[in-house]
Amino acid sequence: MTVFEFIKGDISEVKADVIVNAANKTLLGGGGVDGAIHRRAGPGLLAECMSLGGCAAGLAKITGGHRLPAKFVIHTVGPVWNGGNKDEAGLLTACYRNSLVIAKERGLRSIAFPAISTGVYRFPRELAMPIAINTTMSFVKSNPSAFDKIIFVLFSDEDLENYKAYFSKIG
Ligand code: AR6
């Protein structure tokens, strides 16, 4: 059985088998989640990322966790919100799905997600939330023994309450 957990805090501090980074196409660091993860992980993470050759939106690549409490980092590139007609929803779905596929392939049992694309990339929070939860829940339904725990790490009380409320409504 997979447990879903919702917490408020800094994802770079989360001790899970893998945390997901809301990266950009260069995979060479940035602000927000990306900045926090690289700061905490130390320069070894950037060095490893430099060998990856970037990443397209909707896809994901894995590295070690370096000095992070997490063992691994999956770097995924969310869509930049451009009004909603540029396949933003499809690309955000792909970010969650591809991250889960990689974690499952590696046998990683716990995974923590931030609210991908809802910061600098301006994806509306109320639209991103059901995508995050529905995509992970449907993956778990088809892969019931893949994960022990899926953690959503939110950055505000409002996000935390909204995620919990939506999950209990549909869960
Ligand atoms: N832990 C958890 N959530 C956080 C943290 C944190 N440490 N910091 C911010 N958030 P963002 P994006 C929340 O901007 O929109 C970077 O420069 C934040 O409130 O980190 O996918 C990359 O290099 C928001 O709800 O990611 C890219 O260029 C959510 O996490 C670009 O930003 C995502 O915000 C990616 O933008």
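A.B. asks: Break down the site of the ligand for me, with residues and values.
C.D. replies: Near the ligand lie 21 residues; those nearest to it are Asn 24, Gly 31, Asp 34, Thr 118 and Gly 119. The backbone of Gly 31 places a nitrogen or oxygen atom 2.7 Å from an oxygen atom of the ligand. Contacts to the ligand include Gly 119, whose backbone N or O atom sits 2.8 Å from an oxygen atom. Burial of the ligand by the protein amounts to 90% of the accessible area it has alone, namely 700 Å². The dominant element in the shell around the ligand, judged by the number of residues it contributes, is helix α1 (residues 32-41), at four residues. Grouping the constituent residues of the shell around the ligand by class yields nine nonpolar, nine polar and three charged.

A.B. asks: Pulling in residues and values, what's your account of the environment of Pro 114?
C.D. replies: With respect to the helices, strands and loops of the structure, Pro 114 is situated in the loop between β5 (110-113) and α4 (125-142). What makes Pro 114 buried here is its relative accessible area of 4%. With 52 residues separating them along the chain, Pro 114 and Ile 62 place their C-alpha atoms 16 Å apart. Those residues in contact with Pro 114, other than ones at most four positions away along the chain, are Ile 11, Val 20, Ala 22, Val 33, Tyr 96 and Val 153.

A.B. asks: I'd like to hear about the environment of Asp 157, residue by residue, with values.
C.D. replies: With respect to the secondary-structure elements, Asp 157 resides in helix α5 (residues 157-170). Judged by relative accessible area, which is 48%, Asp 157 ranks as partly exposed. In this structure the C-alpha to C-alpha distance between Asp 157 and Lys 8, which are 149 residues apart in sequence, comes to 6.9 Å. There is a polar contact of 3.2 Å between the side chain of Asp 157 and the side chain of Lys 8.

Scoring rules and cut-offs
- Residues numbered from 1 in each chain as written.
- Predicted model: local features only at pLDDT ≥ 70, side-chain atom pairs only at ≥ 80, totals over all residues.
- Heavy atoms only, no water.
- Near = heavy atom within 4 Å.
- Polar contact = N/O pair within 3.5 Å; in protein donor to acceptor, adjacent residues only side chain to side chain.
- Areas by Shrake-Rupley, 256 points an atom, 1.4 Å probe, with all protein chains shown as cover.
- Helix = DSSP H or I, 4+ residues; strand = E, 2+ residues; numbered from the N terminus.
- Nonpolar A, V, L, I, M, F, W, Y, C, P; charged D, E, K, R; others polar.
- Buried < 20%, exposed > 50% of the residue type's maximum accessible area, 1.4 Å probe, protein only.
- Contact = heavy atoms within 4.5 Å.

Limitation: the analysis is restricted to geometry and does not speak to function.
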